[in-house]
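Here is what each chain is made of, one letter per residue.
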Amino acid sequence: MNSCLRPSPPPNQRFSMYFPPLSRSVRALFPSALLGYGLILFFPTPLLFGAHPPASRHVFPTSHQGDSTGEHASYGVYFYNVENLFDTLDDAHFLDEEFTPHGARKYGSIPYRLRIRQLARALRMAVTAAGARPLALVLAEVENHGVLLDLSQHPALRLPGTRWEAISFDSPDKRGIDCAVLVNTEAATPLDQDLVRYSNDSLKTRDALLVDLLLLHDSTKVRLIGVHLSSKLGGARRSEGKRRYELNAVNQALLERRERAPTNYEILLGDFNENRSNEAYQDALANGWREPLWQKMPKGVQGTYKYQGRWDQIDWALYRGKGVPTAQVLAPAPLLTDDTKWGGKKPARAWQGLFFTNGYSDHLPICLTLPFGLISNFPSKDPTSTHPHNEF
């Protein structure tokens, strides 16, 4: 099934997406300012916008343990809720007006470009922290295929041994945010992609995204299912039934697909809006899913999301298959900020109310490292590295 992509906006809208209009009086009085305006858009500097420098270029650590034929690189499947990654265009079919130049957030081309840059840097830092070669980046809260392409093409995601293929579908979510996947086609070939639909007339939400991959080095088939279950809006207890219904729908859909198209490995990961101690997690274990071996939390971190001073791990991963993968919450220092109200640290989110903070996300990323890897000569350093700061 092919991706349901939205048509490209007409040229005049595409231009305004990146260049929000200046008033006619400003253009008349200050025509020379337009050049500087364009330079700011195309060459935003960390000094101007207060951005953190990207993480070190060292990625994909290698070892020779038990291997005399070459370097061993482990595979990682990453998940990151990217917190409202919208473009600047008003989509008449979804409630996205606040993420437009004239909306409540005054969301024009500069915030949009900074969102793309910061998220690309965050993903690079996550890959560096995990040390596993990315098989796929599973994302939540992505508006459409266009923003996913912009993210995949940012220089910060030009990691060694990667080439990204963007996969996304539109769900009936009221705000238009969906799950999406960037597949590293240097490591795997997408075999199939589809939505696992559980939305209905009374539950308009983001459906799960399923992608089947064929690993290039040994023809292992891996099935990824990315989810972003319903939030706790209206109360945790009142909304719990929605999340259990959605997770059960995923399990039912997979039963049929396993008979029709079996794979060697299945990975279910995403934003479940529930802790691992909740009944939805226990339901998943009862349906044959298994827990990975979670590594110790980073210092000062006790989950992936912090609300009113309390950490929760609502982003998690489960698997089916041989061997036990490891999993970890990734918290590079720039992705955290001081929690001035409740103490300690919290994720450096992109938005504080309607104010754009030039942060990253209100969630932390996670990585599931597969119990099998790739024998290869992929570099452990980015050969293009010249200086650890201000490249992107």
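Just above, that's the structure.
This text gives an overview of the structure that appears in the document. (Residues numbered from 1 in each chain as written. Predicted model: local features only at pLDDT ≥ 70, side-chain atom pairs only at ≥ 80, totals over all residues. Heavy atoms only, no water.)

When you go through the chain residue by residue, the secondary structure sums to 8 helices and 18 strands. Counting across all 392 residues of the chain, residues that qualify as buried make up 52%. Partitioning the contacts of the chain with sequence separation of at least 6, the portion at a separation of at least 24 is 74%. As displayed, the chain offers around 18000 Å² of accessible surface, 54% of which is attributable to carbon and sulfur atoms. (Helix = DSSP H or I, 4+ residues; strand = E, 2+ residues; numbered from the N terminus. Buried < 20%, exposed > 50% of the residue type's maximum accessible area, 1.4 Å probe, protein only. Contact = heavy atoms within 4.5 Å. Areas by Shrake-Rupley, 256 points an atom, 1.4 Å probe, with all protein chains shown as cover.)

Quick look at the sheet that holds strand β8 (residues 265–271) now. Taken together, 5 strands build an open sheet; the order of strands is β5-β6-β7-β8-β12 and the sheet is mixed. Each end of this open sheet is capped by a strand with a single partner; those strands are β5 (188–196) and β12 (315–320). On average, each strand axis in the sheet is tilted by 15 degrees relative to the strand beside it, whichever way the strands run. Both β5 and strand β6 (residues 208–215) contribute to a ladder of 8 bridges, which runs antiparallel. Pairing of Ala188 across the sheet is with Leu215, part of β6. Of the strands in this sheet, β5, β6, β7 (221–228), β8 and β12 touch helix α7 (residues 236–260), which is tilted by about 160 degrees from β7. (Pairing = 2+ DSSP bridges. Axes fitted to C-alpha atoms, helices over the stretch in contact; angles between N-to-C directions.)

Within the secondary structure, Glu143 is located in the loop between β2 (133–142) and α6 (145–152). Judged by its relative accessible area of 1%, Glu143 is buried.

Taken residue by residue, α6 has His145, Val147, Leu148, Leu151 and Ser152 as its buried positions. One side of α6 holds all its buried residues, which, seen down the axis, span an arc of 160 degrees. The N-terminus of α6 is capped by Asn144, whose side-chain oxygen sits 3.0 Å from the backbone nitrogen of Gly146. (Arc of directions from axis to C-beta. Polar contact = N/O pair within 3.5 Å; in protein donor to acceptor, adjacent residues only side chain to side chain.)

Our focus in this paragraph is the pairing of β2. β2 sits mainly inside the fold: 10 of its 10 residues count as buried. Pairing analysis gives 5 bridges linking β2 to strand β4 (residues 178–184), with the strands arranged antiparallel. Paired with Leu137 across the two strands is Leu182, which belongs to β4.

This brings us to the environment of Arg175. Relative to the assigned elements, Arg175 resides in the loop between β3 (164–168) and β4. Distance in space between the C-alpha atoms of Arg175 and Asn84 is 9.5 Å, their sequence separation being 91 residues. A polar side-chain atom of Arg175 sits 2.9 Å from a polar atom in the side chain of Asn84.

Another aspect to go through is α7. Taking 1.5 Å of rise per residue, 25 residues should cover 36 Å, and α7 covers 36 Å from first to last C-alpha, within 8% of that figure. Listing the buried residues of α7 in full gives Ser239, Glu240, Arg243, Glu246, Leu247, Ala249, Val250, Asn251, Leu254 and Arg257. Where the residues of α7 are buried, they touch β5, β6, β7, β8 and α8 (279–286). (Expected span 1.5 Å × (residues − 1).)

This paragraph deals with the packing of aromatic side chains. This model, assessed by the stated rule, comprises 9 aromatic pairs. Consider the rings of Phe99 and Trp351, whose centres lie 5.7 Å apart with planes at 85 degrees: the pair is edge-to-face. Residue Phe99 is located in the loop between β1 (71–85) and α5 (109–130), and its partner Trp351 is located in strand β16 (residues 351–352); the two are separated by 252 residues in the primary sequence. Classification of Phe99 as buried rests on a relative accessible area of 1%. Measuring from ring centre to ring centre gives 5.8 Å for Tyr265 and Tyr319, while their planes differ by 15 degrees; the resulting arrangement is stacked. Residue Tyr265 is found in strand β8, and its partner Tyr319 is found in strand β12; the two are separated by 54 residues along the sequence. Residue Tyr265 shares its accessibility class with Tyr319, and that shared class is buried. (Phe/Tyr/Trp six-rings, centres within 6.5 Å; stacked < 30°, edge-to-face > 60°.)

A word on a positive patch on the surface. On the surface, Lys174, Lys204, Arg238 and Lys242 cluster together to form a positively charged patch. Residue position: Lys204 is located in the loop between β5 and β6. (Patch = residues over 30% accessible without salt bridge, like charges linked within 9 Å, V, L, I, M, F, W, Y side chains within 5 Å. Salt bridge = Lys/Arg side-chain N within 4 Å of Asp/Glu carboxyl O. Lys, Arg positive; Asp, Glu negative; His and termini not counted. Charge placed at Lys NZ, Arg CZ, Asp CG, Glu CD.)

All right, on to the environment of Leu216 then. Topologically, Leu216 is positioned in the loop between β6 and β7. Distance in space between the C-alpha atoms of Leu216 and Glu186 is 7.8 Å, their sequence separation being 30 residues. Setting aside residues no more than four positions away along its own chain, Leu216 makes contact with Thr185, Glu186, Ala187, Ala188 and Thr189.

Turning our attention to the packing of α5 against α6. One can describe the packing of α5 onto α6 by two numbers: an axis separation of 9 Å at closest approach and a directional angle of 55 degrees. Between α5 and α6, the interaxial angle falls into the category oblique. Judged by the sense of rotation from one axis to the other, the crossing of α5 with α6 is right-handed. Every residue of α6 that contacts α5 at Tyr112, Ile116, Leu119, Ala120 and Leu123 is listed here: Gly146, Val147, Asp150 and Leu151. For the contact of α5 with α6, the per-class residue count stands at 7 nonpolar, 1 polar and 1 charged. (Parallel < 35°, antiparallel > 145°, perpendicular 65-115°, else oblique. Left-handed = near helix turned anticlockwise from the far one by under 90°. Nonpolar A, V, L, I, M, F, W, Y, C, P; charged D, E, K, R; others polar.)

Let us look at the nonpolar core. Formed by 98 residues in total, the largest nonpolar core has its most connected members in Tyr80, Leu135, Leu151, Ile225, Val250, Ile267 and Leu268. Examining the composition of this core, we find that 11 residues originate from one element, α5, more than from any other. Contacts of Val250, omitting those with residues within four sequence positions, involve Val196, Tyr198, Ala208, Ile225, Val227 and Leu268. (Core = buried A, V, L, I, M, F, W, Y, C linked by side-chain atoms within 4.5 Å.)

Glancing now at the pattern of salt bridges. One pass over the full model with this rule turns up 20 salt bridges. A salt bridge links Arg243 to Glu274, with the nearest nitrogen and oxygen atoms 2.6 Å apart. In this pair, Arg243 is assigned in helix α7 and Glu274 in the loop between β8 and α8, connecting sequence segments 31 residues apart. Across the pair, Glu274 and Arg243 agree in class, each one buried.

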